[in-house]
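Next come the chains, spelled out residue by residue.
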Amino acid sequence: MKFFRRFRRGFLKTNELKKYFIYAIGEIILVVIGILIALQINTWNEKRKAVALGNEMVLEIQSGLESDLSELDRFFLMQQKVLNSQVIVSEWLKTSTPYHDSLSQHFSLTYLTTDFTINNAGYETLKKFGLRRIDNTPLRTAIADLYEIKYPSFIKFSDIYQNFLDELLANNARHFNELNYFSRRSMMHPLDVAKLRADAAYSYHLNTLKRFNQLLIYQSSLLK
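Residues numbered from 1 in each chain as written. Predicted model: local features only at pLDDT ≥ 70, side-chain atom pairs only at ≥ 80, totals over all residues. Heavy atoms only, no water.

Caption draft 1: Just helix 4 (residues 121-129), in detail. Looking at helix 4, one finds that the buried residues are Gly122, Tyr123 and Leu126. The arc enclosing the buried residues of helix 4, seen along the axis, measures out at 95 degrees, which places them on a common side. Residue Gly130 follows helix 4 closely and has a positive phi angle near 105 degrees. (Buried < 20%, exposed > 50% of the residue type's maximum accessible area, 1.4 Å probe, protein only. Helix = DSSP H or I, 4+ residues; strand = E, 2+ residues; numbered from the N terminus. Arc of directions from axis to C-beta.)

So this is what it looks like as structure tokens:
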């Protein structure tokens, strides 16, 4: 600054106004260039921070998805086990085969439902800061599609399955001594096998539940 002031004073003392104005314009241009450089550096820094934050959120989403995959595998295996019991009970109801204690466990599993909890903490953080934090457009679109479309669709299927299960449960007290999910002992004995087989509403709800469970298992494989 002392250097520039010496120049200005020198031009003013010698009344070299033309040189002074040229110098003044040059000094303004230097200031503008300095400001532009500072702005560019600031822009680079902000972009670098944005990229770092985007990468951090992608890693958080990745961690959540790994947890979801593990949860989905558990869901798939459990619903397959439930479906197997639903098929066995459904086929037994259509025959005249006598009731035997081994059916008790299958009756219990028929009423079992598996929760699927989504780990969406990373995606909620991303939405808070803005999806544009992720520069990769295909990746950003795929993430939004998963959390905004595919997950809600799967949860909707799961809720419908639960509604059919509730309908089946409504008939349970008329036909069984109790409902037990956890005991290994034979607990669910039909009160009257003939009445149970003759109950068209029970068979309807069981078969509908079975079919929808098949669809739910298929949807879980698509989601995975």
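Picking up after the structure, the text goes on.
Caption draft 2: Looking closely at helix 5 (residues 137-170). Its 34 residues give helix 5 an end-to-end C-alpha distance of 49 Å, which sits within 8% of 50 Å, the value for a rise of 1.5 Å per residue. Its axis deflected by about 40 degrees at Leu146, helix 5 carries its strongest bend there. Two or three places before Leu139, at the start of helix 5, stands the capping residue Asn136, its side-chain oxygen 3.1 Å from that residue's backbone nitrogen. (Expected span 1.5 Å × (residues − 1). Bend = angle between axes of the 7 residues up to and from the residue. Polar contact = N/O pair within 3.5 Å; in protein donor to acceptor, adjacent residues only side chain to side chain.)

Caption draft 3: Representation of the packing of aromatic side chains within the structure. Scanning the entire structure with this criterion turns up 14 aromatic pairs. Site record: aromatic cluster; members linked through ring pairs are Phe75, Phe116, Tyr123, Tyr147, Tyr151 and Phe154. Sitting over the ring of Trp92, Arg197 keeps its end group 4.1 Å from the ring centre. (Phe/Tyr/Trp six-rings, centres within 6.5 Å; stacked < 30°, edge-to-face > 60°. Lys NZ or Arg CZ within 6 Å of the ring centre and 35° of its normal.)

Caption draft 4: Quick look at the packing of helix 4 against helix 5. Across the interface, helix 4 lies against helix 5 with an axial gap of 11 Å and an inter-helix angle of 115 degrees. Compared by their axis directions, helix 4 and helix 5 come out roughly perpendicular. Both helix 4 and helix 5 take part in a crossing whose hand is left-handed. Side by side, helix 4 and helix 5 meet where Tyr123, Leu126 and Lys127 of the first sit next to Ile143, Ala144, Tyr147 and Glu148 of the second. When grouped by side-chain class, the residues that make up the contact of helix 4 with helix 5 number 5 nonpolar, no polar and 2 charged. (Axes fitted to C-alpha atoms, helices over the stretch in contact; angles between N-to-C directions. Parallel < 35°, antiparallel > 145°, perpendicular 65-115°, else oblique. Left-handed = near helix turned anticlockwise from the far one by under 90°. Contact = heavy atoms within 4.5 Å. Nonpolar A, V, L, I, M, F, W, Y, C, P; charged D, E, K, R; others polar.)

Caption draft 5: Layout of the nonpolar core. The biggest cluster of nonpolar side chains holds 35 residues, and the ones touching the most others in it are Phe107 and Tyr202. A per-element tally of this core places helix 5 first, with 9 residues. Those residues in contact with Tyr202, other than ones at most four positions away along the chain, are Leu93, Phe107, Tyr111, Leu168, Asn171, His175, Phe176 and Leu196. (Core = buried A, V, L, I, M, F, W, Y, C linked by side-chain atoms within 4.5 Å.)

Caption draft 6: Highlighting the side chain of Ser85. By the secondary structure assignment, Ser85 is in helix 2 (residues 17-93). Owing to a relative accessible area of 1%, Ser85 belongs among the buried residues under this scheme. If we ignore the near neighbours within four places in the chain, the residues touching Ser85 are His106, Leu109 and Thr110.

Caption draft 7: Examining the side chain of Lys210 more closely. With respect to the secondary-structure elements, Lys210 resides in helix 8 (residues 200-223). Residues within four places of Lys210 in sequence aside, it is in contact with Leu83, Gln86, Val87 and Ser90.

Caption draft 8: Highlighting the pattern of salt bridges. This structure, assessed with the given rule, holds 7 salt bridges. Lys127 is the partner of Glu148 in a salt bridge, and the nearest nitrogen-oxygen pair spans 3.7 Å. With Glu148 in helix 5 and Lys127 in helix 4, the pair connects residues that are 21 residues apart, well separated along the chain. For Glu148, a relative accessible area of 41% gives the class partly exposed. (Salt bridge = Lys/Arg side-chain N within 4 Å of Asp/Glu carboxyl O.)

Purely spatial values, then, with no claim about function.
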